Structure formats: C-alpha cells, structure tokens
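# Structural overview
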Amino acid sequence: MNVLVVGGGAREHALVRALAADTAVDRVVCAPGNAGIAREAAARVAPVDVSDPRALLALAAAEGADLTVVGPELPLAQGVADLFGEAGRLLFGPTRAAAALESSKAFAKAFMARHDIPTARFEVCTDERQALDAVAGDRFGFPVVVKADGLAAGKGVTVAPDQAVAEAAVREAMVVRRFGEAGATVVIEECLDGPEVSFFAVSDGRRCLALPAAQDHKRIFDGDAGPNTGGMGAFGPSPLFDAELEARVMREIVAPTLDGLRAEGREYRGVLYVGLMLTADGPRVIEFNVRFGDPEAQVILPMVERGLARVLLGAARGELGDARWRVAADPHVGVVMASGGYPGTYETGRPIGGLDDAAAVPGVYVAHAGTALEGGRIVTSGGRVLTVVARGASYPQAIARAYDAVGRISFDGSHVRTDIGQKALLATEVRGGA
Ligand code: AMP
Ligand code: GLY
C-alpha cells in the first residue's frame, strides 16, 4: 500500500519510519516533512502545507495514496477527514465533529460530564464576569486551572496558585485575546494532583487497540521546572500503567468516550490520546487529543513490530476486522534537543554535527523536527530540533544509550534536559520495594 503522512515534526518522522518498515507498505510520502524525513531512503517529501486540505487531497490522489495518516491536530480540526471522506479516500484521523474533543475544551468537558467520564470538576465560562466569579473564593480552591477553550499551541493552560494569577489568566485569554478566538470561552477547573500518563487507543469508531502508555516531560528544565514546552522528552512503557489500570481506563474512560461519540453522531476513527492524571481517587482525564502525542509517538511507535499500517487502515475504514499489531514493549527513552532560548525566542540556521555518529549507538534513532537542508548541510530551523530515541533491555540502558547519542550531536546553543527517564527508574524502585 502507498501511504501519505501529513506533518513535519519528529512525530511524523517516527510515523514515516514505522510505516516504511512495515512489510505491507510499498511507498511513503510525507508533506511537508523535514530534512531528516527527506534523508530516509524509504520515503520522499512533498512541499504541501498541512493547513491546506484541498492540496493534501490533490497530493494523495497524485501519489495514489491508499491511506493518509495525519500527524497534527490542526488539519483535523479544519475538517481534512471530512474532505477525504467525501472524495472517497481513506484517511486516518477523526472528522471535524469528532476532533472537537481536542479543538474545544468546553465541548470535551461537557461531553465527559454527559457520559460520566471521570475528569476534574469544571465550569465553562463564556464571559469575563462569569470566569472571574468562578475563580473567586473557594469554589475550586487554589491552585485553580484556567484553560482557553480552543487550540492554543499548548500555551492555553494556566495552573494558577492564587486568585490574582487566575484573574490575570482569564483577562489574557478573554480580554487581551492572547490566543485569539480560542480564548473567547474559557474552562475553569479544579486542580488535580498525581503523575501524568499519556495513553493511546486506535479506534475504528467501535472497537479499539491500545498501545503501551508513555510519560511526557512538559517543562523546559530538569526536575519539571520552568515554563511549559511542546515536550522535552518522553519514555514508555510507563511503569505506573499496569494491566489492571489499563483495563480500568478502557472501561471507565475509553469505552464510554467512543460509545458517547458514536451516539452523538461523531463516530471516532483515529487515535484517541487520553492525557491522564493518576490521582488518589483513580485515573482522571486531563485532556483528550485526537492524534498521536509528540514526543510520545517517538518512543511508542518503534514498539510496534508488525501490523501498524493494517491497523491504521482498518481504523480509517471503520472496520478493524482482524487487523492486529505485534508490540514489543521494551523500554524506550526519547530526549528532545532544543534551540537555546526555546520556548521563548531562539536562533535558527545553526549547523548540526554528529547525526550519523549518534545513530550508530546501538538501539538509537534520531527523529528530526526543526531541521532544514541548507547548502548541503543540515541546520536548525525550529525550537524543538531533534528527538534522540533509544531502546534498551532496561531503563538504565535506554537512558545511557539516549544520552550517549545526545552527546555526539552538536549545534550552537543546544539545550536538553538531563533527567529524561528518571521517573521510570523511581517508579520501578517504588513498585519493587512495595
Ligand atoms: P493541557 O494543555 O490540557 O494538556 O494542559 C497542560 C498541562 O496543564 C497538563 O499536562 C497538566 O500538567 C496541567 N493541567 C491541566 N489541567 C489540570 C488540572 N485539572 N489539574 C492539574 N493540572 C492540570
Ligand atoms: N505530548 C503532548 C502533546 O502531544 O500534546
């Protein structure tokens, strides 16, 4: 089968690699891709913008794509799945109506309330007065969480320690309109406590197949300090997520979500990303996303040894049938190398050295995100530049390999966290000692 992958980050690089390695796949093209994807022997890139659904459809037709796999949320929120559906082309990813689970937090929260899906207590606020009232007093206590309703590139959430910060967050979203229309409505919710886990289930609308859970590192500095980023690293499988917890999440969250969406005429075909907080009272949904996580995909997709393309095709078709994958849940650690200054301002165009040397470390591959080809050299072109991923027989080995490879790559001003995967070691010790 011929596959078109939509997107140009490290997640899409991981998708391209995994699909190109699948014996069911003949050709892979990626739009727009990046310098690393272009270097993959088994793939090509095409300069088509992810936010232009008609151009993507034309590309899929020209390439004879039997399946289109969408990486980022934006095209899904724009309705690329609906457009492909009307044209009779298979696309892996939910329709615009089902993608509301990510593109509108107000929709997602009300949906969870309608279907008794465990999540933080909340109020949807459509004007400033209502939002300021909601963050006042002991309604939710402090800290309180203020979320812009719409897509805000991962920047729309404030965990406010006190009322003044919460009020400022409300004004930023609703009055200053820092996130544009995405902040016209806000969700105010109670702050939950516990470790966060990312869980992924691929669904054909009715049934689903789960992947091993992963853990992300959202803050820029070691020890989860500093501002939020798009993700500075990930590891999986999560030692916090055992078979019993998976069964509970399936029963209490994933099944009612898929059933509820279908009952509301928003059948979900694609990968459902459940951002969970493991609280003392059980798993709670922090957020839904309608795509693979980044950087989680970089560590999870290499675990799928066989069957990925057929499972994604079955989901896109609305009938998984007997499609199955084979997953080897070995420890994987992915360390993001970022440009100095990220998530604030940073410089680009810095030559990157040592990529081949890094890839020579056993069990390692380097997924590109913000890279470009300039005069025959690979240079930085974004905030998050690379995800260096290592597989190991154990977490200590995966961590050692990942940082060995990171140490071989150089570009001016590069920034990495040095503690990616440490939480896996801690969790293993705690469980081992229990
Ligand atoms: P989101 O964009 O919804 O993923 O939120 C970004 C981050 O904010 C999450 O990964 C959590 O760390 C934090 N967060 C969101 N909602 C809550 C909540 N109700 N309680 C505690 N932390 C939260
Ligand atoms: N890892 C967070 C996200 O993909 O949204």
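### Thoughts on the packing of aromatic side chains
- Under the definition given, this model contains seven aromatic pairs.
- Between Phe200 and Tyr273, the ring centres sit 4.8 Å apart and the planes meet at 75°, which makes this aromatic pair edge-to-face. A residue pair is termed long-range when its members are at least 10 positions apart, and Phe200 in strand 10 (residues 196-203) and Tyr273 in strand 16 (residues 270-279) qualify at 73 residues.
- Its relative accessible area of 1% is what places Phe200 among the buried residues.
- Overall, Tyr273 belongs to the buried group, its relative accessible area being 4%.
- Their ring planes at 85° and their centres at 5.7 Å tell us that Phe235 and Tyr395 sit as a pair that is edge-to-face. Pair noted here: Phe235 is in strand 15 (residues 233-236) and Tyr395 is in helix 14 (residues 395-408), with a separation of 160 residues, a long-range link.

### Brief notes about the pairing of strand 24 (residues 384-391)
- The buried fraction of strand 24 amounts to seven of the eight residues, a majority that puts the element mostly inside the structure.
- Relative to strand 24, strand 20 (residues 332-339) is paired through seven bridges, and the arrangement is antiparallel. The residue of strand 24 that forms the bridge with Met337 is Leu386.
- Where strand 21 (residues 364-368) meets strand 24, five bridges bridge the pair, whose relative direction is antiparallel. Opposite Val366, over in strand 24, you have Val388 as the bridge partner.

### Let's talk about the sheet that holds strand 16
- A sheet is described by the order of its strands in space; here four strands give the open sequence 11-10-16-17, paired in antiparallel fashion. Edge positions in the open sheet fall to strand 11 (208-210) and strand 17 (282-289), since each of these has one partner strand only. Averaged over all adjacent pairs, the angle separating strand axes in this sheet is 35°, with direction ignored.
- With three bridges connecting them, strand 10 and strand 11 associate as antiparallel partners. The residue of strand 11 that forms the bridge with Ser203 is Cys208.

Basis of the calculations
Residues numbered from 1 in each chain as written. Chains lettered and ligands numbered in written order. Predicted model: local features only at pLDDT ≥ 70, side-chain atom pairs only at ≥ 80, totals over all residues. Heavy atoms only, no water. Phe/Tyr/Trp six-rings, centres within 6.5 Å; stacked < 30°, edge-to-face > 60°. Helix = DSSP H or I, 4+ residues; strand = E, 2+ residues; numbered from the N terminus. Buried < 20%, exposed > 50% of the residue type's maximum accessible area, 1.4 Å probe, protein only. Pairing = 2+ DSSP bridges. Axes fitted to C-alpha atoms, helices over the stretch in contact; angles between N-to-C directions.

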